[in-house]
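# Structure assessment
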Amino acid sequence: MSILAKFSALAEARESLQHVGRDPFRLVIEQALSATEGVIDGQPVLLFGTNNYLGLSQDPACLAASAEAVREHGSGTTGSRIANGTYGLHGRLEAELADFYGRRSCMVFTTGYQANLGMLSVLAGKDDTLLIDADSHASIYDGCRLSQAQVVRFRHNDPDDLYKRLRRLGDTPGSKLVVTEGIYSMLGDSAPLAEIAAVKRETGAYLLVDEAHSFGVLGETGRGLAEAAGVEADVDFIVGTFSKSLGSVGGYCVSDHPGFDILRVTCRPYMFTASLPPAVIASTRAALARLRESPELRQHLWTNAHRLHAGLRAAGFEVGPQVSPIVSVAMPDIPAAVAFWNQLLARGIYVNLSLPPATPDERPLLRSSVTASHKPEQVDAAIAAFVATAEALGLQQPALVD
Amino acid sequence: MSTDLEAVTRLVIETLAANPKVTKTVTGETVIVDDLGLDSLAVMNFVMEIEDKLDVSVPLDRLADIRTINDLARCLAELKAVA
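All values derive from a computational prediction rather than experimental measurement. (Residues numbered from 1 in each chain as written. Chains lettered and ligands numbered in written order. Predicted model: local features only at pLDDT ≥ 70, side-chain atom pairs only at ≥ 80, totals over all residues.)

## Some points on the overall build of chain B
Which entries qualify depends on this criterion: To qualify as a helix, a DSSP run of H or I must reach at least 4 residues; to qualify as a strand, a run of E must reach at least 2; elements of each kind are numbered from the N terminus. Taken over C-alpha atoms, the radius of gyration is set against a globule rule of 2.2 Å times the number of residues to the power 0.38. The burial criterion counts other C-beta atoms lying within 10 Å of a residue's C-beta, which is placed from the backbone; the residue is buried at 20 or more, exposed at 12 or fewer, and partly exposed between these limits. Think of it this way: build a C-beta for each residue from its backbone, and any pair within 7 Å is a contact.
Scanning chain B for helices and strands turns up 5 helices and 0 strands. The order of helices and strands in chain B, counted from the N terminus, is α-α-α-α-α. On C-alpha atoms alone, chain B measures out to a radius of gyration of 12 Å, which is about the 12 Å that the 2.2 N^0.38 rule sets for 83 residues. On the principal axes, the C-alpha backbone points of chain B span a range of 30 × 25 × 20 Å. Split into buried and exposed, the 83 residues of chain B put 20% on the buried side. Of the contacts made within chain B by residues no fewer than 6 positions apart, 61% connect residues no fewer than 24 positions apart.

This is the structure we're talking about:
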C-alpha cells in the first residue's frame, strides 16, 4: 500500500472539485500589479482575497528600503538567530516593535506560524495547561501539539465556557495559559477580550493574544484588539505577523515578562530555522513606520470594510456577525461554493474559497477581504459581481439572511 | 466504576445518535472517525457536548489516543472519577 494511501479519500474529494471548474488549490496569481489588482490566467482581476490590510505590500517607501537592504546586506543570512543569523537589523526591528507596543521585550520569528508554534510550545511545559479557543488557527493547534502541555479547548468566544473549564482544572498544579485571537480569519469576528481578561484575572491564568489579523487594524494606534478593548495590561504575550498589515513575512511576540530573554535559548522554532533576510526586515521596518505615521490607512480600511459588509448584506448575503476587513459569505454546500468562486473569478473578482473543516461551522465560505488601497468603485464592482453570480446560479435566496 | 462506565457509554451513544451527521447505528465498538465519517473538527465538537453533560474537559492529547466509542467512554469515566 502506498505511503500516501491515507489521503485517498481527500484526493478523491479534491478530484471531484475538478468537474465544477478550476481547482481553487492550484490557483496561481501570475502578477500582483498593485495591492488591489493582479493577473490570473492572463486576465486582470481585482484582489479581494489577500490579507494586505493596509496595502503596504506595494508601498514605495517599503520597496525602496527592501531594495537598499538587499544590496547592502545580501540576499539572506544563511543562519539561525542563535548561531549566525542575528544581524543588527533584527535587533532594530525588535526594539521598534517593543517600543510600538510599549513593552519590555520582543522576539522576531521567521514566520507568523512559527511565532505561534514557538510561543505556545515554549511557554506551556508538560505540567502546564493550554486553554485555546475552539476556532483557533492551525498554528495554535500545532503549537499545542509541539508543547507537552495538557490542551483544553473552550467554546469559540465564550468567556463563561473558558471560566468553567478553568474551574474544572481545580487545583491542578502548573501554569494556565489562555490563547485567543484578535480577529478570527474565517469570519472576521473578534474575541470578547475584556471579559476573557476578567476571567484570566480571577483565575490567575496567563493570557496570550494572537493579533495576526488585528495588528494595524484595531485600536487607536493599530496595536490590535488588546488596545481596542483597553486590556493591554492583562495580556501577558502578544503574538503577531508581518505578512498581513505590514505586507512582508515573519512573526513576533512582545511581552513585559522580566524573564522573557531566556526564550531565545529555549524556543526551538525560533532557534532552529534561518532568520529573516535583510530585505524582509527592511521593508517590515519601513511598513511599521508607515503604520505609525499614517492612521489614515486604517480609516480607509474601515471605510472599505463597512462598504463591502453593508453592500453584501443589503444584497441579501449571509455575512459574518461583526463588520471587519474580512467579509465572508456563507454558501449552502461545497459544489455551490466552488461554482460561485469560479464565476466570481470569471467576472474578474478574486476571493478566497474556504472549505470545512477549516470553516467554523459545516458550511463553506467565500472569504473576501478589503485593503486600505481599494477604491469605492472597486468595492462596488465586487458587490455587483456577487449579486450577478448569485442570480446566474439561481442562488439569490438559499444562502441568505432575512 | 463499571456502572459509571456503562452509563457514560450509554450517554455517548445517545448523544451521537442525536447528531444529524450520524446515520449509522453506534455501538461500543464503533470506530469514531472511520465508521462515522466525522472529521477532526466534528469529533472535537461532539466531545464538547459530552463534556458539558459530565462536567469534565477531555484534553486534546487524550483525544488523540481515542479510536472507538468504548475508548472515549473509558476516558470520560476516568476523568469523571477524578473530577
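Following the structure, the description resumes.
## Looking at the overall build of chain A
Each helix and strand counted, chain A has 13 helices and 14 strands in total. For a compact globule of 402 residues, the expected C-alpha radius of gyration is about 21 Å, and chain A comes in at 21 Å, within 12% of that figure. Once the C-alpha set of chain A is aligned to its principal axes, its extents read approximately 60 × 55 × 55 Å. Here chain A holds 402 residues, and the buried ones make up 51% of them. Looking at chain A alone, contacts between residues at least 24 apart form 72% of all its contacts between residues at least 6 apart.

## Notes on the interface of chain B and chain A
On the side of chain A, 9 residues touch chain B, which itself brings 12 residues to the contact. Elements represented by at least two residues in the side of chain B that touches chain A include exactly helix H3 (40-54) and helix H4 (60-63) of chain B. The element that contributes the greatest number of residues to the side of chain B that touches chain A is H3 of chain B, accounting for 4 residues.

## Thoughts on the sheet that holds strand E4 (residues 105-109) of chain A
All names here are of chain A. The cut-off we apply is this: Strands qualify as paired when DSSP identifies two bridges or more between them. Lines are fitted to the C-alpha atoms to define the axes, a helix being fitted only along its stretch in contact, and any angle between axes, read from their N-to-C directions, falls within 0 to 180 degrees.
Within the open sheet, the 7 strands sit side by side as E4-E10-E9-E8-E7-E5-E6. Their pairing is mixed. Each edge of the open sheet is held by one strand with a lone partner, namely E4 and strand E6 (150-154). Sheet twist, expressed as the average angle between the axes of neighbouring strands with direction ignored, equals 20 degrees. In the sheet, strand E8 (residues 206-210) pairs with strand E9 (residues 237-241) via 3 bridges, with the strands oriented parallel. The residue bridging valine 209 from the neighbouring strand is isoleucine 238, located in E9. Where helix H5 (residues 138-146) meets the sheet, it contacts strand E5 (129-133), E6, strand E7 (176-181) and E8, and its direction lies at approximately 165 degrees from that of E5.

## So, the domain arrangement of chain A
Residues and elements named next belong to chain A. This is how it is decided: Each domain span listed reflects an automatic or database assignment of domains. Note that Gly is not counted as nonpolar here; it falls among the polar residues with everything else outside the nonpolar set of Ala, Val, Leu, Ile, Met, Phe, Trp, Tyr, Cys and Pro and the charged set of Asp, Glu, Lys and Arg.
Examined at the domain level, chain A breaks down into domain 1 (10-47 + 295-392) and domain 2 (60-293). The interface of domain 1 with domain 2 comprises 15 residues on the first partner and 13 residues on the second. Elements with a minimum of two residues in the side of domain 1 that touches domain 2: helix H11 (295-314), strand E11 (326-330) and strand E14 (365-369). Take the side of domain 1 that touches domain 2: its biggest share by element is 3 residues, from E11. For the side of domain 1 that touches domain 2, the class distribution of residues is 7 nonpolar, 6 polar and 2 charged.

## Topic: the packing of helix H2 (residues 60-73) of chain A against helix H10 (residues 278-293) of chain A
Residue and element names in this part refer to chain A. Test applied: Orientation categories follow fixed angle ranges, with anything under 35 degrees roughly parallel, anything over 145 roughly antiparallel, 65 to 115 roughly perpendicular, and all other angles oblique. For any helix crossing, the convention is left-handed if the near helix is rotated counterclockwise from the far helix by under a right angle, and right-handed if that rotation is clockwise.
At a closest axis distance of 7 Å, the pairing of H2 and H10 adopts a crossing angle of 150 degrees. When the axis of H2 is compared with that of H10, the two are roughly antiparallel. H10 is crossed by H2, and the crossing has right-handed handedness. Contacts between H2 and H10 involve Ala61, Cys62, Leu63, Ala65, Ser66, Glu68, Ala69, Val70 and His73 on the former and, on the latter, Pro278, Ala279, Ile281, Ala282, Ser283, Arg285, Ala286, Ala287 and Arg290.

## Notes on unusual backbone geometry
Of note, threonine 78 of chain A is a non-glycine position whose phi angle comes to about 55 degrees, a positive value. Within the chain, aspartate 55 of chain B stands out as a residue other than glycine whose phi angle is a positive 55 degrees. Looking at where aspartate 55 of chain B falls in the secondary structure, it is placed in the loop between H3 and H4. We classify aspartate 55 of chain B as exposed; it has 12 C-beta atoms within 10 Å.

## Some words on the sheet that holds E11 of chain A
Two strands in a sheet stick together by hydrogen bonds in their backbones, pointing the same way (parallel) or opposite ways (antiparallel). All names here are of chain A. Strands sit in the order E11-E14-E13 across an open sheet of 3 strands; the sheet is antiparallel. The sheet is open, and its two borders are formed by E11 and strand E13 (352-354), each paired with just one other strand. Taken pair by pair, the neighbouring strands of this sheet meet at an average axis angle of 30 degrees, ignoring direction. Sheet analysis places E11 next to E14, joined by 5 bridges and oriented antiparallel. Following the sheet pairing, isoleucine 326 is matched in E14 by serine 369.

## Looking at the environment of aspartate 41 of chain A
Residues and elements named next belong to chain A. Here aspartate 41 shows up in the loop between strand E2 (37-40) and strand E3 (43-47). A count of 11 C-beta atoms within 10 Å places aspartate 41 in the exposed class. Sequence spacing of aspartate 41 and glutamate 30 is 11 residues, and the spatial spacing of their C-alpha atoms is 7.2 Å.

## Quick look at the pairing of E8 of chain A
Residues and elements named next belong to chain A. Filter applied, for reference: Here is how to tell: hold the view so the strands point away, follow the path from the first strand over the helix to the second, and if it runs clockwise the crossover is right-handed.
Of all 5 residues making up E8, 4 are buried, and the element is well covered by its neighbours. Bridge count for E7 against E8 is 5 bridges, and the pairing is parallel. Across the sheet, the residue bridging to valine 179 is leucine 208, located in E8. A crossover connection joins E7 to the parallel E8 through helix H7 (residues 193-203); in handedness this β-α-β unit is right-handed.

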